[in-house]
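The residues making up each chain are set out below.
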Amino acid sequence: MGLQKCRPCGAAADINELEYISALHQTGKDELREDGSIQACDIVAFLMSRHGIEVTEEEVLDKIIGTFGQRTVDSRSDIDLIQLLALLLIPLLLKAKQSLDQAQQASSTIRRQSGTCLHRQKGDSRWPDADIIESVLRMMLHDATGDATLRPLTKELIRQILRFYGEGEASNNEQLLDEMVLAVTPDSITDIEGEPILLDQHSFAHGLTHDVQHYNIDFENSMTTNFHDVFSDEQKGDVKEGNSVKTVRTLSCIDYTADTFRSKSYVVILWVAWILTYFSYLQSQNVLTMAKLQCDEFEFGCTLAQGILNWLVIMFQLSVLGSIFIIAASAGNVKNANPFLMVVGICATLIFIVLPFFLELSVGLVSTEKSREGINPVLYHLSVICGFVLLIDPVMSMFQRFLPEKSSLLMFVQKHMDNTRLEAAVKRAASFKMNRLVRNACDVHKAAELDGGIGQGLETRYGIAMLAFAKVSDQKEELDSFINTWKRIWNRELFEDEGIWLTTHVLAGNVAQVTVCVLLATLFAIVYSGELFQQGLDHLDKLVPGYSQRWRLLVPLFFGVICGELTIISIISKYIPSSINAILQFRSGCFESLKGNSFLKLRYAVDNSSLLFGSIFWGTFYTSVSVGFFFMILLGIIMWPDFAQIIGVLFANIIGIGLTVMLKWIVLRGYRRVTQQGYYRKNVVLSNVVNIILESWNLALGIGYMLIRGLYFILAATMFIGRVDVPFLSQDACFVGPFELDSFPLIFRKDLLSHDAHRHPYIERLGVMYMLKLRHDDFGSRAGTHWRLLFIYALLPWMRKYRRNDESLVISEFKFAANRMWTGRMPVESEQSFESSKQEAGVPSELEMLRAENNNLRMLLFGHGKRSHLTSSCPPAPSVSGVPINLQKSVNTA
């Protein structure tokens, strides 16, 4: 139903999503760092906005960036995108290590000791394959040494691996090398000065995870928040170990950006109740009379003053009274709320919503005196129903602490009235998505091996994986259809796997649209029972004696109401799938983020999202009423006897135009098969004559075409009044000079991105890592970070371009190159010897070699160009007299 679109998939989509979270995480106003790096100010802003943690930039630099990133004096200190990925991989690596430990023990013993063992089967969507660490280790050894055979761990081996992957500065840091050797040494081995230990999957896993043991993988299966996972004992006042953090009050009960309140359903009903209460008691006729000026209403000055006064009253009612009610009613909507705050919320609901239904009084700008006219009775009843629903949540929350831990009532409350369940789903989604990222990378390596692989033993897995990634980077998949999206919502797959977080504005607007359905039906009843409508029915009965003609008016009325109601149902059903598809397109790279200028517009004036709730409500109301009246009037004119002759002539012309156009279509269909072939003509003379005939004929047909086009535009514009989630006007038609005609789709996307900046599964996981480092000084180390970087280099070599260090040779023209000279520098002595040997042997320059190799790879990728004989697509092999063997072979061939 218009929702199916294509988006990137596989490994390319994973990289796009990492760029996307970097764009969300950055806080710069004027530009985004296209390398994806995160600075201290970004982390400080995120921790305050998401968790209310107050921390200084210096603390972030010392603890977080100093451990997981690079802190330098002369250049900027940051965490680049590949280092962010290393943080995100920590839980997966811990699971992989646990799988390795499981293989060394009796499986039955493991099953008795840990419940998470059930998730360790190969193919589980949230648990990595048991052989992932061994596979990556062999890739790394094969690339750096030319042989995947396991070998003893030495500093020289680590130095060689680091240099191959471009970490020249790290390879020359003797202290770091010592720490990396110690990191892979299991606790049971103490004598590292004697016989070197073997660098196998167990020691490699130990190096990857030895410094991050404070992360508990059981957090992902617990019904708790991320903050609770890290600081649970501190919240209880029992700080057993680690540091405490300073938190500030953020009024989480009304936090509609990060949705840190306790119950989302409570907030949704609260806003619907408030809008109904406002129109019931604050916009009644008595209130309007009190705010009326005593002057001549036909004078312009009086009309102007009355208009200003009316809007001042509305501003006071909504801004002052509305804020007081919303804040007071939301006071108890926080996690572990004080019972007193819950009582405040209950009292606010009773005073503002429930009691006005049963009491009648008039005080200032508030009047609860009831009117039986129009839709007022329906508003009163809907308002009080919402009030009673609101009372259920705080009452059940107060009594849940007295219920047994496994009570069915308690389970119901946690399932439907607690955001903790949604946050727990986001934690599980982070595991799913990270495991999918690793498996997509493994699929690229498998495809590379199937395409030719390492048959001669000269190519690196690094190089062939880069080539395979370039081949699959254009893969796309269709977004879920309308029906499939609702199926995935129903079975919670989108929440558990993709980590979708529906915004409060969208949900509240959706529920408010349901009330529009009821109000439209009420409006129909009012029109039907109105005196004017009944007079029209009586007039029709008198037109033809003995025959009732009131059907001429009843049919258009019923048809218009049905069209209006169907329009509302259509809009209601599309908002949530549209929101989800927009988020998925941003995440997969369908919409530009990190490297797109338009993304900066979505970071400005995010507070405009406060317009959405009212816009969704009124937009749906206007759309339904407009569509209903349009079809009612159209059908009424057709059926009214006074217009019978005009309608007959109109229909005759429509039929004539239709038959003519059909004849034209049949003739042109046969003509095009005979005379046209693509953009070229087989019979030029016939084609020219036919074009003249069509040009003249279309002068008349254009009248009907443009009339129909105008009707299409009017109807489409009417239908899209209530669709603030999708742009109706194109980029070319949306602007008149500097003015934007329709900014609401942009505001809608700002709201989606603002929530994703706080609730994306990757960003939530990064938040956990930040908090764990603030809590535990020994969480993370430079050695562990570099081991994890090597893991990423081997498994995801296409991430290499995001690494920001001074020793890297970043040459964008050579991004396809698999040559070792591109991936990192050789030692200075080796470089000098290598250059001199090349000159003596007449070997082409390094730049010429890289260019020729790049051309070869492009030829393999796209099938264009002539293959150069100057180089092969493999990195330098072991050298003889300073000249790599493969270069000698290339020169001999030349």
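Up top you'll find the structure we're talking about.
In this text, all values refer to a predicted model and were calculated from it rather than measured experimentally. (Residues numbered from 1 in each chain as written. Predicted model: local features only at pLDDT ≥ 70, side-chain atom pairs only at ≥ 80, totals over all residues. Heavy atoms only, no water.)

Draft legend 1. Representation of the layout of surface pockets. Computed from the structure, the second largest pocket encloses a volume of approximately 970 Å³. If you trace the second largest pocket, you find 31 residues lining it, with Trp271, Trp274, Ser610, Phe613 and Gly614 closest to the centre. Ranked by the residues each element gives to the lining of the second largest pocket, the list is headed by helix α15 (residues 300-329), at 8 residues. Classifying every residue of the lining of the second largest pocket gives 16 nonpolar, 12 polar and 3 charged. (1 Å grid on protein atoms, 1.4 Å probe; cavity = no way out; pocket = protein on both sides within 12 Å on 5 of 7 lines; lining within 4 Å. Points joined across faces, edges and corners; volume = space filled by probe spheres on them. Helix = DSSP H or I, 4+ residues; strand = E, 2+ residues; numbered from the N terminus. Nonpolar A, V, L, I, M, F, W, Y, C, P; charged D, E, K, R; others polar.)

Draft legend 2. Here's a closer look at empty space enclosed by the protein. All told, the structure shown has 6 cavities of 30 Å³ or more when counted by the stated rule. Together, 13 residues line the largest cavity, and Leu520, Leu557, Val561, Phe629 and Met632 are the ones closest to its centre. If you list the elements that add at least two residues to the lining of the largest cavity, you get α23 (504-529), α25 (551-588) and α27 (612-639). Ranked by residue count, the leading element in the lining of the largest cavity is α27, at 5 residues.

Draft legend 3. Structural detail: the pattern of salt bridges. In the structure shown here, the tally under the stated rule is 37 salt bridges. Salt-bridge contacts for Glu764 lead to Arg50; the nearest nitrogen and oxygen are separated by 3.0 Å. With Glu764 in helix α32 (residues 761-775) and Arg50 in helix α2 (residues 40-51), the pair connects residues that are 714 residues apart, well separated along the chain. No difference in accessibility class separates Glu764 from Arg50, as the two residues are buried. Residues joined in a network through salt bridges with shared partners are Glu17, Lys433, Arg436, Asp480, Arg488, Glu493 and Glu498. (Salt bridge = Lys/Arg side-chain N within 4 Å of Asp/Glu carboxyl O. Buried < 20%, exposed > 50% of the residue type's maximum accessible area, 1.4 Å probe, protein only.)

Draft legend 4. A look at the packing of aromatic side chains. A complete count under the given rule lists 32 aromatic pairs for this structure. Ring plane angle 35° and centroid distance 6.3 Å describe the contact between Phe524 and Tyr528, whose orientation is recorded as tilted. With a gap of 4 residues between them, Phe524 and Tyr528 both fall in helix α23, about one helical turn apart. The exposure class of Phe524 is buried, given its relative accessible area of 18%. Ring pairing ties together the aromatic residues Trp274, Tyr278, Phe279, Phe325, Phe352, Phe617, Trp618, Phe621 and Tyr622, which thus form one cluster. If you follow Arg749 out to its NZ or CZ, it ends over the ring of Phe591, 4.4 Å from the centre. Taking NZ or CZ as reference, Arg759 lies 4.0 Å from the ring centre of Trp501, over its face. (Phe/Tyr/Trp six-rings, centres within 6.5 Å; stacked < 30°, edge-to-face > 60°. Lys NZ or Arg CZ within 6 Å of the ring centre and 35° of its normal.)

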